[in-house]
Amino acid sequence: MSTDRNVTHWTARKYDGDGWIEEDDSVTIEYPLTVFVGDVEFATIVCSPDWLEEMTVGFLASEGVIRSYRDIANLSIDADHGYAYVTLAKRLTFDPAMFSRRRIGSCCGKSRQSFYFQTDAQTAEPIRSDLTVSPARCYELMRAFHAVSDAHRQTGGVHGAALCDPVAGIEAHFTDIGRHNALDKLYGHLLMNERSAAGKIIAFSGRLSSEVVLKAVKIGAPVLLSKSAPSDLGLKLADELGLTAAGFLRGEAMNVYTHPHRIAAGRRTGQSH
C-alpha cells in the first residue's frame, strides 16, 4: 500500500470481460486549500495535499501578489483544516477580484492582441536565453520525467512539472491533481530556495494553454516540453514572450512550435549565457 499523501485506496468492482471482480484501486486525493493574505480570504485552491507551502508561495507569485519569497513575513499551514495564512512583509491593500479580471493588451509591444490577467503584464517578462539542447536530450529528459512520478503510475490522476538541467537532468519534480498547481509548486520551491530557472528546461505533463505558458515564463525557464497539445493562445504568448514550446513529445517525436532555434540537432547541449 502506498504511503504517498496524494494517494488513497478504494475498492473497485471491475469487469474483465468474463465477470466482475473486486480489487483495491489507487485514487488521487483532491484537497481544498483556502489561502488568506492578511485578513483577506484570497482564494481556495483545489490541489493535492502535499508541498502546501510551495503551492501557496508559487500561487501568490503567479498571481503577482509577491515577487520573491522575501515578500512574505510569515507563512503557516493548517493542513488539518485546509488553510494557509500569509502575512506580507509590506502591507498591501488590494481587491482579490482584480487578480481574476482579464484585460486585452498588446503583448511585448507588438501589434498582436492577447488576453492577460491584470497582473501578468507586470510579472511575465520576456525570456532571453542562448540555451540550446538536442532533440535526443529532450527525449531523455521526458523519459526520466515520466519515470519519477509514483503517484501518476498508481492513479493516472495527477499532473507533473519538473525543472531539468540540460546536462545534469531532473533537479526538482512536483505532482498535483491540477496541472497549474504542479507548476506553482515548482515555482514556489525555486523562490523559497532562491534558485533561478535561467538556462533550464521545464518538463510538463499537461496541455500548453495560455495560463500554463504564462506560468512557465514567470518561472523563467526558456524551454517548455510537454507530451500534450498546445492551444492557439498559448502559442501566441510563447512566441511573443520568448519561450520555446514543444508539444506531443512522445517516444522520439515532438512538435516544436515557437523559438525552435533552441532545440537543434548537431548543437552542443547545455549552452547557456
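Residues numbered from 1 in each chain as written. Predicted model: local features only at pLDDT ≥ 70, side-chain atom pairs only at ≥ 80, totals over all residues. Heavy atoms only, no water.

**Q** For this particular structure, what's the right way to read the overall build of the protein?
**A** Within the protein one finds 7 helices and 14 strands. Within the protein, contacts between residues at least 6 apart in sequence are counted, and of these 50% link residues at least 24 apart. On the protein, roughly 13200 Å² of surface is accessible, and the fraction owed to carbon and sulfur atoms is 47%. (Helix = DSSP H or I, 4+ residues; strand = E, 2+ residues; numbered from the N terminus. Contact = heavy atoms within 4.5 Å. Areas by Shrake-Rupley, 256 points an atom, 1.4 Å probe, with all protein chains shown as cover.)

**Q** Help me understand the confidence of the model for the protein in this model?
**A** Here the protein shows a mean pLDDT of 85. Residues at 70 or above account for 81%. Mean pLDDT across the elements of the protein bottoms out in strand S7 (residues 102-106) (39) and peaks in strand S12 (residues 223-226) (98). A low-confidence stretch, residues 101-115 (pLDDT under 50), is modelled with 39 contacts involving residues beyond four sequence positions or located in other chains. (pLDDT = per-residue confidence, 0-100.)

**Q** Is there a simple way to explain the packing of helix H5 (residues 179-192) against helix H6 (residues 210-219) in this structure?
**A** In a packed pair of helices, the relevant descriptors are the angle between the two axes and the axis-to-axis distance. In contact at an axis separation of 10 Å, H5 and H6 are set at 5° when each is read in the N-to-C sense. Here H5 is positioned roughly parallel relative to H6, judged by the angle of their axes. Mapping the contact onto sequence places Arg179, His180, Leu183, Asp184, Tyr187 and Leu190 in H5 and Glu211, Val212, Lys215, Lys218 and Ile219 in H6. Of the residues assigned to the contact of H5 with H6, the class counts are 5 nonpolar, 1 polar and 5 charged. (Axes fitted to C-alpha atoms, helices over the stretch in contact; angles between N-to-C directions. Parallel < 35°, antiparallel > 145°, perpendicular 65-115°, else oblique. Nonpolar A, V, L, I, M, F, W, Y, C, P; charged D, E, K, R; others polar.)

**Q** Before we go on, may I ask you to explain the sheet that holds strand S6 (residues 83-88) in this structure?
**A** Strand order in this open sheet of 4 strands is S4-S3-S6-S5, and the pairing throughout is mixed. Both outer strands of the open sheet, strand S4 (40-47) and strand S5 (72-78), are each paired with one neighbouring strand and no more. Within the sheet, the average angular offset between the axes of one strand and its neighbour, ignoring direction, is 20°. Here 4 bridges tie strand S3 (residues 31-37) to S6, and the two strands are oriented parallel to one another. Each bridged residue has a counterpart across the sheet, and for Val37 the counterpart in S6 is Val86. (Pairing = 2+ DSSP bridges.)

**Q** I would appreciate a short explanation of the side chain of Ser129 in the present structure.
**A** Inspection of the secondary structure assignment puts Ser129 in the loop between helix H2 (120-123) and helix H3 (135-147). At 3.1 Å, the side chain of Ser129 and the backbone nitrogen of Leu131 are in polar contact. (Polar contact = N/O pair within 3.5 Å; in protein donor to acceptor, adjacent residues only side chain to side chain.)

**Q** So what exactly am I meant to see when it comes to the pattern of salt bridges here?
**A** If the charged atoms of two oppositely charged side chains come close together, the side chains can form a pair. With the rule as written, the count across this model stands at 12 salt bridges. Two residues, Lys14 and Glu23, come together in a salt bridge whose shortest N-O distance is 3.2 Å. The partner of Arg143 in a salt bridge is Glu252, and the shortest N-O contact between them spans 3.9 Å. With a gap of 109 residues between them, Arg143 in helix H3 and Glu252 in the loop between strand S13 (244-250) and strand S14 (253-256) connect regions that are remote in the sequence. Accessibility expressed as a relative area gives 45% for Arg143, which makes it partly exposed. (Salt bridge = Lys/Arg side-chain N within 4 Å of Asp/Glu carboxyl O. Buried < 20%, exposed > 50% of the residue type's maximum accessible area, 1.4 Å probe, protein only.)

**Q** How should I be thinking about the nonpolar core in this particular structure?
**A** A general feature of soluble globular proteins is that nonpolar side chains tend to end up buried together. Membership of the largest hydrophobic core comes to 51 residues, with the highest contact counts inside it found for Leu60, Ile66, Ile202, Phe204, Leu224 and Leu243. Apart from residues lying up to four places away in sequence, Leu224 is in contact with Ile202, Phe204, Leu208, Val212, Ala216, Leu243, Thr244, Ala245 and Ala246. Of all hydrophobic cores here, the second largest spans 17 residues; its members include Cys164, Val223, Ala246 and Met254. (Core = buried A, V, L, I, M, F, W, Y, C linked by side-chain atoms within 4.5 Å.)

**Q** Is there a simple way to think about the sheet that holds strand S9 (residues 159-165) in this case?
**A** Two modes of strand pairing occur in sheets, parallel and antiparallel, and in both the strands are linked by backbone hydrogen bonds. Reading across from one edge, S10-S9-S11-S12-S13-S14 is the order of the 6 strands in this open sheet, with mixed pairing throughout. Each of the sheet's edge strands pairs with one partner strand only, and the pair in question is strand S10 (169-176) and S14. Across the sheet, the mean angle separating the axes of adjacent strands is 20° when strand polarity is ignored. Relative to S13, S12 is paired through 3 bridges, and the arrangement is parallel. When the sheet's bridge partners are listed, Leu224 is paired in S13 with Ala245. Packing against the sheet, H5 makes contact with S9, S10 and strand S11 (201-204), and its axis sits at approximately 130° to S10.

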